[in-house]
Amino acid sequence: MVNILETVMDAIKSMTVQDEDQPLHVGEVMGCWMYLAGLELAKVSVQTGINTTTDDELKAILEEDLKLGTSQRERLHDFMIKEGITLPSAPEDMPISDPNSIPLGVKLTDDVIANKLSLKIVSLIMRAAGAASESIRTDVGLLFIQFQAEKLAFATRLKHLMRKRGWIKVPPFYVPSGSQK
């Protein structure tokens, strides 16, 4: 199957002048550093969710996010090493544990795990959008556009599960005064 995102990215690359010989500016470096730091922290949060939930669908989506995060971490890590950017520290992986052994009052509910994951995804999408828009170098901008697109595609699957389970948080609807309700 053709990956639409890869096709679009290849087309954009072919239409642009590659400028990889130019040094990164401080904003691009900061964007890389902050996104990788966010991915590192997100990893342990997702691992905690996997260790906590007994819901098979939620566990599967957490594992999917963990794989996506690992892929993005590896690509960004390699890019940063190639460019000579100092890497942020990374917390240790969470040890695997039995969700049934977590005492009440400490164990997060599936609703909380899903909403925490949702906020993490939103944060990374916004960070990727900011980094892409601030990039001068084409390769940096494309890297963050790809990260953002991957997270957006994942977010739609998460939203579907959250709606199905009634976990999604919806703010009050706005009804202007004078309009029909």
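First, a word on what this report is: a plain description of the structure on this page. (Residues numbered from 1 in each chain as written. Predicted model: local features only at pLDDT ≥ 70, side-chain atom pairs only at ≥ 80, totals over all residues. Heavy atoms only, no water.)

1. Points about empty space enclosed by the protein
Per the counting criterion, the structure on display carries two cavities of 30 Å³ or more. By volume, the largest cavity is sized at about 70 Å³. Around the largest cavity, the lining residues are S45, V46, T48, G49, L62, L108, I113, K116, L117 and K120. Those elements that provide at least two residues to the lining of the largest cavity are α2 (26-52) and α4 (110-134). Within the lining of the largest cavity, the residues separate by chemical class into five nonpolar, three polar and two charged. There is about 40 Å³ of room inside the second largest cavity. Along its surface, the second largest cavity is lined by L39, A42, K43, V46, D65, L66, G69, R73, K120 and K151. Looking at the lining of the second largest cavity, the elements with two or more residues in it are α2 and α3 (56-83). Its residues assigned to classes, the lining of the second largest cavity shows four nonpolar, one polar and five charged. (1 Å grid on protein atoms, 1.4 Å probe; cavity = no way out; pocket = protein on both sides within 12 Å on 5 of 7 lines; lining within 4 Å. Points joined across faces, edges and corners; volume = space filled by probe spheres on them. Helix = DSSP H or I, 4+ residues; strand = E, 2+ residues; numbered from the N terminus. Nonpolar A, V, L, I, M, F, W, Y, C, P; charged D, E, K, R; others polar.)

2. Notes on the nonpolar core
Counting 18 residues, the largest nonpolar core has C32, Y35, L76, F79, M80, F144 and F147 as the members making the most contacts within it. Elements represented by at least two residues in this core include exactly α2, α3, α4 and α5 (138-165). No other element matches α2, which puts five residues into this core. Counting 16 residues, the second largest nonpolar core, distinct from the first, contains V46, L58, L68 and I113. (Core = buried A, V, L, I, M, F, W, Y, C linked by side-chain atoms within 4.5 Å. Buried < 20%, exposed > 50% of the residue type's maximum accessible area, 1.4 Å probe, protein only.)

3. Let's talk about the packing of α3 against α5
In the contact formed by α3 and α5, the axes pass within 11 Å of each other and the chain directions differ by 175°. In terms of orientation, α3 and α5 fall into the roughly antiparallel class. Broken down by class, the residue content of the contact of α3 with α5 amounts to twelve nonpolar, two polar and ten charged. (Axes fitted to C-alpha atoms, helices over the stretch in contact; angles between N-to-C directions. Parallel < 35°, antiparallel > 145°, perpendicular 65-115°, else oblique.)

4. Here's the deal with a nonpolar patch on the surface
A contiguous nonpolar patch, built from I168, V170, F173 and V175 and spanning about 400 Å² of accessible area, is present on the exposed surface. If you trace the backbone, F173 turns up in the segment after α5. F173 gets classed as exposed once you look at its relative accessible area, which sits at 74%. (Patch = residues over 30% accessible without salt bridge, like charges linked within 9 Å, V, L, I, M, F, W, Y side chains within 5 Å. Areas by Shrake-Rupley, 256 points an atom, 1.4 Å probe, with all protein chains shown as cover. Salt bridge = Lys/Arg side-chain N within 4 Å of Asp/Glu carboxyl O.)

5. Digging into the packing of α3 against α4
When two helices pack together, their arrangement is given by the angle between the helix axes and the distance between those axes. Axis separation between α3 and α4 bottoms out at 11 Å; the angle between their running directions is 25°. Relative to α4, the element α3 lies roughly parallel. Considering the relative orientation of α3 and α4, their crossing is left-handed. Contact residues: L58, I61, L62 and D65 in α3; D110, I113, A114, L117, K120 and I121 in α4. (Left-handed = near helix turned anticlockwise from the far one by under 90°. Contact = heavy atoms within 4.5 Å.)

6. So, the packing of aromatic side chains
On inspection of all chains with the given rule, the structure shows three aromatic pairs. Geometrically, the ring pair formed by Y35 and F144 is edge-to-face, given 5.5 Å between the ring centres and 85° between the ring planes. Residue Y35 is found in helix α2, and its partner F144 is found in helix α5; the two are separated by 109 residues along the sequence. The two residues Y35 and F144 agree in class, both being buried. Ring plane angle 10° and centroid distance 5.2 Å describe the contact between Y35 and F147, whose orientation is recorded as stacked. Here F147 lies in helix α5 and Y35 lies in helix α2, a separation of 112 residues in the sequence. Under the relative-accessibility criterion, Y35 is labelled buried at 0%. Taken together through their ring pairs, the aromatic side chains of Y35, F144 and F147 make up a single cluster. (Phe/Tyr/Trp six-rings, centres within 6.5 Å; stacked < 30°, edge-to-face > 60°.)

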